[in-house]
Amino acid sequence: MGFYGTLKLIFIKMKRKLDHGPDGRPFPTGKKRCKGNSCPSSLAPFQATPTTFGELRLANGHSAQRRRVTSGPPPSGLQDWLHIFQAWSGPERLLAMDELIDRCETNQVKHMMQLIEPQFQRDFISLLPKELSLYVLSFLAPGDLLQAAQTCSYWRTLAEDNLLWREKCREEGVAGCVFGSRRRAKGGPASSPWKTTYIRHQRIETSWRTADTRTPQVLMGHDDHVITCLQVSGDLIVSGSDDNTLKVWSAVTGQCVRTLLGHTGGVWCSQMSVATVISGSTDRTLRVWNAESGECVHTLYGHTSTVRCMHLHGNRVVSGSRDTTLRVWDVVTGQCVHVLTGHVAAVRCVQYDGRRVVSGGYDYMVKIWDPETQTCLHTLEGHTNRVYSLQFDGVYVVSGSLDTSIRVWDVETGGCVHKLTGHQSLTSGMELRDNLLVSGNADSTVRVWDVRTGQCLHTLQGPNRHQSAVTCLQFCRGLVLSSSDDGTVKLWDLRTGAWVRDLVSLQSQGSGGVVWRIRASDTRLVCAAGSRNGTEETKLLLLDFEPEERGGNE
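Residues numbered from 1 in each chain as written. Predicted model: local features only at pLDDT ≥ 70, side-chain atom pairs only at ≥ 80, totals over all residues. Heavy atoms only, no water.

**Student:** Got a minute to help me understand the sheet that holds strand β29 (residues 499–505) in this structure?
**Tutor:** Strands belonging to one sheet form pairs held by backbone hydrogen bonds; the direction of such a pair is parallel or antiparallel. Taking strand neighbours across the sheet as the criterion, the four strands line up as β26-β27-β28-β29 in an open arrangement whose pairing is antiparallel. Each of the sheet's edge strands pairs with one partner strand only, and the pair in question is β26 (470–476) and β29. Averaged over all pairs of adjacent strands, the angle between their axes in this sheet comes to 20 degrees, without regard to strand direction. Alignment of strand β27 (residues 479–484) against strand β28 (residues 488–493), held across five bridges, turns out to be antiparallel. The residue of β28 that forms the bridge with L479 is D493. (Pairing = 2+ DSSP bridges. Helix = DSSP H or I, 4+ residues; strand = E, 2+ residues; numbered from the N terminus. Axes fitted to C-alpha atoms, helices over the stretch in contact; angles between N-to-C directions.)

This is the structure in structure tokens:
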């Protein structure tokens with residue numbers, strides 16, 4: 001339904017409510033229920049329903065005398081004809097008018113239209129109290145609300161209401177209001193910060209979907225080694241490699257600003273918050289770094305084998321190792337505060353929300369821990385092969401396994417809520433947000449699930465599907481990003497499952513080129529690429545989707 005259609009429907013509902021009492025029966029003509037002794041003046045036009053066109057003109061504030069056609073004296077018998085017309089019933093008048101219009105010439109019909117149409121073009125929004133007007137406008141979609149602002153200055157003032165736009169942003173899933181000075185267009189109201197937030201959000205999404213893909217910046221480093229982990233925070237990018245190093249890059253200049261040296265084995269995992277970087281290595285240690293200075297703040301000793309995974313929350317990081325244990329560390333002091341034992345094979349993935357730790361291992365098990373008491377609350381049994389990926393949102397635990405299945409568990413009871421089937425191979429990566437799960441699989445597909453129902457909403461495939469294993473994925477803004485062993489990064493529509501476009505296509509795609517990792521911020525995409533056969537140099541690709549600024553008050 002369009003903008004004016006929506007307004008008309010809302011107005012009809014409101015009018016019907018004004019015309020009827022609580023028992024559903026209409027009030028007598030000209031009488032409406034009002035609080036107190038009188039109705040508000042702004043509702044005065046609704047106090048009596050006009051029964052004739054002349055009364056409608058008076059209700060609209062026009063004089064009873066309208067401009068007459070000056071073509072000579074009135075025809076004889078006009079008054080008699082009018083008396084006959086008035087004596088007819090409503091249906092008889094309609095029939096007579098149909099016959100009369102059929103016999104009119106075009107200019108005569110045009111004269112009637114010019115006389116009648118203006119009387120039905122009423123700006124009912126301006127007749128209502130502001131609170132009621134805003135309530136009416138709250139039913140409009142954001143795009144229709146932007147269109148409404150172009151109607152007149154009063155509508156524009158209403159359509160800039162900040163609380164109204166805050167609600168629109170909530171409905172659209174837009175967070176993070178752009179606060180600051182409220183820009184004021186010449187002669188217009190100050191722009192709502194929440195409206196500015198919404199418009200920027202729409203421009204950024206449009207840029208991701210349709211803007212010309214600019215030539216990416218190429219950040220060369222790590223020689224011919226594999227980039228194993230990738231983090232983005234603000235204008236800093238940190239890449240870790242099996243060459244024993246991490247590199248810190250400027251997302252603004254594309255330059256490597258420093259190399260973090262200290263590990264004596266390959267770096268396999270990392271986490272980042274602002275300028276603090278934590279890395280885990282085959283040398284059995286974790287290191288805490290200051291990315292801005294390059295200083296190694298702490299070296300965390302304790303694991304007896306490769307540190308394979310970690311998850312940071314606040315000032316604590318939980319690490320999982322091939323030594324079968326998990327350790328909880330304070331990144332400020334560098335102290336190990338808890339050790340979690342119970343797995344009987346390597347720990348491959350871990351999630352931590354500040355309250356509970358969830359881990360998955362090569363022993364086919366998923367475990368839920370209380371780190372403060374160092375106790376295992378639940379052991380989730382069901383997978384028949386190694387667990388490679390986890391997601392945890394405080395309510396559900398989701399585990400992906402080499403057995404091709406994905407399982408959804410209740411964190412409080414430890415019960416299996418759903419077994420998600422459809423993938424044909426290893427689920428290597430997942431993301432869970434707002435009960436939507438996106439999974440990437442070695443079968444070259446990406447699937448979107450509703451974890452509450454266990455339903456597969458979309459399978460992202462078709463003619464533009466990946467041609468090899470999915471290596472990494474990320475979703476936000478109604479979009480899904482996926483990278484693959486086929487050397488591409490693809491963009492998909494989360495709501496429809498449709499392919500949008502390829503954002504990256506390596507020259508060596510299909511012949512050895514691989515995109516190992518991707519990380520996206522609001523306006524940037526960073527890809528770690530290379531090859532396993534020397535056909536593609538190891539590098540980072542940086543794409544910028546910042547929309548061009550537009551002047552004026554949108």
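**Student:** Would you explain the environment of T384 in this entry?
**Tutor:** Within the fold, T384 resides in the loop between β17 (375–380) and β18 (387–392). The residues contacting T384, other than those within four sequence positions of it, are Y364 and D403. (Contact = heavy atoms within 4.5 Å.)

**Student:** Which parts of the structure should I look at to understand the pattern of salt bridges?
**Tutor:** A full pass over the atoms with the stated rule returns 16 salt bridges. Between E167 and R170 there is a salt bridge, with the nearest N and O atoms lying 2.5 Å from each other. Of this pair, E167 and R170 both sit in helix α10 (residues 162–172), three residues apart, roughly one helical turn. Between R452 and D450 there is a salt bridge; the shortest N-O distance is 3.2 Å. Among the ionic contacts, a cluster of salt bridges with common partners joins E205, R209 and D493. (Salt bridge = Lys/Arg side-chain N within 4 Å of Asp/Glu carboxyl O.)

Any functional reading would require information beyond the geometric quantities listed.
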